[in-house]
Amino acid sequence: PVAGAISWCHSLFLRIRQSMAKFQSMEELHTTEQGKAVNRRFVAVSKEMRHYQQALFSEWRESVNVLAMKHLKEHILAEDGATGGLSVNFSQTLSVLIRESKYLDRLGFPVPETALNVTLQEEKYYVYVESLTAMLEYHATVLASLSPVEAKLLGAKTAELRAVLRKGCELLNWNSLSIPEFVKSS
């Protein structure tokens, strides 16, 4: 959203500047009083657009570190209160933050260190999300395939498994170094 708005504003400025260059190449037009007024308006609009871009970036820069730390501290798994099922708890906000950081960097804006660190670890988070998702899907498939009798017989083992999985809801967050071991042990 931020990088897109800044990019849109910049492309709009380039289109206006292109039109102004044509206008300024016609000596008889830009030397008149009306031509000078158009030039002043162009300068004013250009400054407003630059201010808009800087304000968007400044607002993002001020909030990005807090957002990143907040979401990295969230647990890796979340429990659905209605069904009791588990899901991977990787915030969409972190995905947006990673994309914004990449695009803002490409646009030449200085990305804050925390956002840059999260962005540089994008592949690691992707692997974590994929492996956690696969693990949860496998567990759900196995449990769903049990007959009522098998489910009753394996009740203690299922409870143990649930206790192991609860670590992802209570102990592990996205900063944890032991996520790969958790996936393997579950």
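See the structure above.
In this report, we go over the structure that sits alongside the text. Bear in mind the structure is a predicted one, so any value in this text is a computation, not a measurement. (Residues numbered from 1 in each chain as written. Predicted model: local features only at pLDDT ≥ 70, side-chain atom pairs only at ≥ 80, totals over all residues. Heavy atoms only, no water.)

**Considerations on the overall build of the chain**
Selection criterion: Here a strand is any run of E in DSSP of at least two residues, a helix any run of H or I of at least four, and the numbering for each starts at the N terminus. Both definitions apply: the radius of gyration is a C-alpha atom measure, and the globule rule equals 2.2 Å times residues to the power 0.38. Working definition: with a 1.4 Å probe on protein chains only, accessible area under 20% of the residue-type maximum means buried, over 50% means exposed, and in between means partly exposed. A contact between two residues is defined here by any heavy atoms of the two lying within 4.5 Å. Surface accessibility in these figures is a Shrake-Rupley result with a 1.4 Å probe; residues are shielded only by whichever protein chains are displayed. Charged residues are defined narrowly, with Lys and Arg counted positive, Asp and Glu counted negative, and His plus the chain ends left uncounted. Lys charges are placed at NZ, Arg charges at CZ, Asp charges at CG and Glu charges at CD.
Looking only at helices and strands, one finds nine helices and two strands in the chain. From first element to last, N terminus to C terminus, the chain shows the α and β order α-α-α-β-β-α-α-α-α-α-α. Whereas a compact globule of 186 residues would reach a radius of gyration of roughly 16 Å, the chain reaches 27 Å, over 25% beyond that. With the C-alpha coordinates of the chain rotated into their principal frame, the extents come out at 95 × 30 × 25 Å. Here the chain holds 186 residues, and 30% of them are scored as buried. Sequence-distant contacts, at least 24 apart, represent 67% of the contacts inside the chain between residues at least 6 apart. A total accessible area of about 11,900 Å² is found for the chain, and carbon and sulfur atoms account for 59% of it. A distance of 4 Å separates the average location of the 21 positive side-chain charges in the chain from that of its 20 negative side-chain charges.

**Digging into the packing of helix α1 (residues 2-25) against helix α3 (residues 33-72)**
As a reminder, the rule being used: Here the axes come from fitting lines to C-alpha atoms, over the contacting stretch only for helices, and the angles between their N-to-C directions go from 0 to 180 degrees. For this classification, under 35 degrees means roughly parallel, over 145 means roughly antiparallel, 65 to 115 means roughly perpendicular, and everything else is oblique. Helix crossings get a hand from a simple test, with the near helix turned counterclockwise from the far one by less than a right angle marking a left-handed crossing and a clockwise turn marking a right-handed one. Gly counts as polar in this scheme, as do all residues outside two lists: the nonpolar Ala, Val, Leu, Ile, Met, Phe, Trp, Tyr, Cys and Pro, and the charged Asp, Glu, Lys and Arg.
Contact geometry of α1 with α3 gives a least axis separation of 10 Å together with a crossing angle of 165°. For the element pair α1 / α3, the angle class is roughly antiparallel. Our pair here, α1 against α3, has a crossing hand that is left-handed. Mapping the contact onto sequence places V2, A5, I6, C9, H10, L12, F13, I16, R17, M20, F23 and Q24 in α1 and G35, V38, N39, F42, V45, S46, M49, Y52, Q53, L56, F57 and W60 in α3. Taken together, the residues of the contact of α1 with α3 sort by class into 17 nonpolar, six polar and one charged.

**Focus: helix α4 (residues 92-106)**
Since the α-helix advances by 3.6 residues per turn, residues separated by three or four positions end up pointing in the same direction. Basically, it comes down to this: One less than the number of residues in a helix, times 1.5 Å, gives the span that helix is expected to have. Read the arc as the range of directions from the helix axis to the C-beta atoms.
With 15 residues, α4 extends 21 Å from end C-alpha to end C-alpha; this agrees with the ideal 21 Å at 1.5 Å per step. Within the sequence span of α4, burial applies to L94, L97, I98, E100, S101 and L104. Taken down its axis, α4 places every buried residue within 165° of arc, on the same side. Facing away from the buried side of α4 by over 90 degrees, the exposed positions are Q92 and R106. Taken together, the buried residues of α4 touch α1, α3, α5 (113-120) and α6 (122-145).

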